[in-house]
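# Results of the structural survey
Now for the letters of each chain:
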Amino acid sequence: MRFILSVLIFSLCAVTSGAAQDSSGSSTSQNTPAAQENSTKAKTLIDQAVQALGGSAYLNVENMTQQGRTYSFHRGEATNAGVLFWRFVKFPDRERIELTKQRDVAYVYNGDKGYEVTFKGTAALDNKVLDDFLRRRDHSLELVLRKWIKEPGVAFFYDGPAVAANKPAEQVSVMNAKNDSVTLFFDSTTHLPLKKSFTWRDPTDNLRNTEEEIYDAYRNTQGIMTPYSSTRFYNGEMSNQRFLNTVTYNVALNDSMFDAKTTYDPNTLPPRKK
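Residues numbered from 1 in each chain as written. Predicted model: local features only at pLDDT ≥ 70, side-chain atom pairs only at ≥ 80, totals over all residues. Heavy atoms only, no water.

### Observations concerning the environment of R103
- Considering the arrangement of structural elements, one finds R103 in the loop between strand 4 (94-99) and strand 5 (105-110).
- Measuring from C-alpha to C-alpha, the distance between R103 and W86 comes to 8.0 Å, with 17 residues separating the pair along the chain.
- Look past the residues within four positions of R103 in its chain and what remains in contact with it is W86, F88 and E98.
- Of note is the side chain of R103, whose polar atom sits 2.7 Å from the side chain of E98. (Helix = DSSP H or I, 4+ residues; strand = E, 2+ residues; numbered from the N terminus. Contact = heavy atoms within 4.5 Å. Polar contact = N/O pair within 3.5 Å; in protein donor to acceptor, adjacent residues only side chain to side chain.)

Here it is as structure tokens:
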């Protein structure tokens, strides 16, 4: 409710600003002192979170390597006993995930392209799978705190005190110039991010979906506070959980790790044997 009220206040301010123009045709800002104070409070909390995460060390991360175990869920029920994974990220838009003990399955993302690599070869990812990944990446905590908050036209809203991951928190919403928003929950004591949430409307059925991610088990790793546990929720149901064993930052990653070329189409039937 606080978020909706903040959006209405922002929208009203924007309309008023556009309507109020002087004789020379230039617009006059009509932001109220209360709205400015609210925005300043939100920005201060975000700045505190960035400092708690490591400040310049966090902001200047160029790449990251993770190793751990991931669990998938369907309607809140685990679908496997956990899979080993190795994850390599080169910010802002390249990622490689290798699965299983043999590391014989890999998913490669480069820009807006995605591929699956198996013993069969390399195939382009299904559009829905790729769209889901790109959506999560575009709304990731890293991009929000490193990119979104610096973009022109971004707006900040302090939504007040809240509870996230069973801890007292401060709730903040960030809205970009495209009216796309992410809600962040910061620990009231440590200022570290506890939770992130965003919503999107499915173009196929026009229904609104909510995706959330909870961060836990923070450790100081190379001067960066890193959550070694993360849990994703889709419309209120657990969808994925990751536990990290090791994390390293700013270790040179070869660009070839993120190169992939399609070698077969999984939707095409192989030719019949004569």
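Back to the text.
### Topic: the nonpolar core
- By size, the foremost hydrophobic cluster in this structure holds 36 residues, and its most contacted members are I46, L145, F156, V172, V174, L184 and F186.
- Tallying contributions element by element places helix 2 (residues 33-53) first for this core, with six residues. (Core = buried A, V, L, I, M, F, W, Y, C linked by side-chain atoms within 4.5 Å. Buried < 20%, exposed > 50% of the residue type's maximum accessible area, 1.4 Å probe, protein only.)

### Focus on the pattern of salt bridges
- In this structure the tally under the stated criterion is 12 salt bridges.
- Salt-bridge contacts for D47 lead to K43; the nearest nitrogen and oxygen are separated by 2.8 Å. Within this pair, D47 and its partner K43 are both found in helix 2, separated by four residues, close to a single helical turn.
- Salt-bridge contacts for D255 lead to R94; the nearest nitrogen and oxygen are separated by 3.3 Å. You can see D255 sitting in the segment after strand 14 (237-249) and its partner R94 sitting in strand 4, a full 161 residues away along the chain.
- Look at D255 and you get partly exposed, because its relative accessible area is 37%.
- Among the charged side chains, a network of salt bridges with common partners joins K128, D132, R135 and E211. (Salt bridge = Lys/Arg side-chain N within 4 Å of Asp/Glu carboxyl O.)

### Some details on helix 2
- The terminal C-alpha atoms of helix 2 lie 30 Å apart, and with 21 residues this matches the ideal 30 Å at 1.5 Å per residue to within 8%.
- Looking only at helix 2, the buried set comprises A42, L45, I46, A49, V50 and L53. All buried residues of helix 2 project into a common sector of 140 degrees when viewed along the axis, lining one side. Along helix 2, exposed side chains directed more than 90 degrees from the buried face belong to P33, E37, T40 and Q51. (Expected span 1.5 Å × (residues − 1). Arc of directions from axis to C-beta.)

### Remarks on the packing of aromatic side chains
- The tally for this structure, following the rule as stated, stands at two aromatic pairs.
- Between the aromatic rings of Y109 and F133, the centroid separation amounts to 3.5 Å while the plane-to-plane angle is 10 degrees, which identifies the pairing as stacked. Separated by 24 residues along the polypeptide, Y109 in strand 5 and F133 in helix 4 (residues 127-138) bring together distant segments of the chain.
- Lying across the ring of W200, R135 places its NZ or CZ 3.4 Å from the centre.
- Against the face of F185 rests K195, its NZ or CZ located 5.1 Å from the ring centre. (Phe/Tyr/Trp six-rings, centres within 6.5 Å; stacked < 30°, edge-to-face > 60°. Lys NZ or Arg CZ within 6 Å of the ring centre and 35° of its normal.)

### Some thoughts on the pairing of strand 13 (residues 224-234)
- Of all the 11 residues making up strand 13, eight are buried; the element is thus mostly covered by neighbouring parts of the structure.
- The pairing of strand 12 (residues 208-221) with strand 13 spans 10 bridges and is classified as antiparallel. Paired with N220 across the strands is M225, a residue of strand 13.
- Counting the residues that bridge the hairpin from strand 12 to strand 13 gives two residues, and of these Q222 lies at a positive phi of roughly 55 degrees. (Pairing = 2+ DSSP bridges.)

### Quick notes on the confidence of the model for the protein
- Across the protein, pLDDT averages 89, with 87% of residues at or above 70.
- Predicted confidence is poor over residues 1-30, with pLDDT under 50, and the contacts of this stretch with residues over four places away or in other chains come to 26 contacts. (pLDDT = per-residue confidence, 0-100.)

### A few points about helix 4
- With 12 residues, helix 4 extends 16 Å between its outermost C-alpha atoms, agreeing within 8% with the 16 Å of an ideal straight helix rising 1.5 Å per residue.
- Buried within helix 4 are the following residues: L130, D132, F133, L134, R135 and R137.
- Structurally, helix 4 contributes buried residues whose contacts are with strand 4, strand 5, strand 6 (113-118), helix 5 (141-146), strand 11 (193-201) and strand 12.
- Measuring from the side-chain oxygen of the N-cap residue of helix 4 to the backbone nitrogen of K128 gives 3.0 Å; that N-cap residue is D126.

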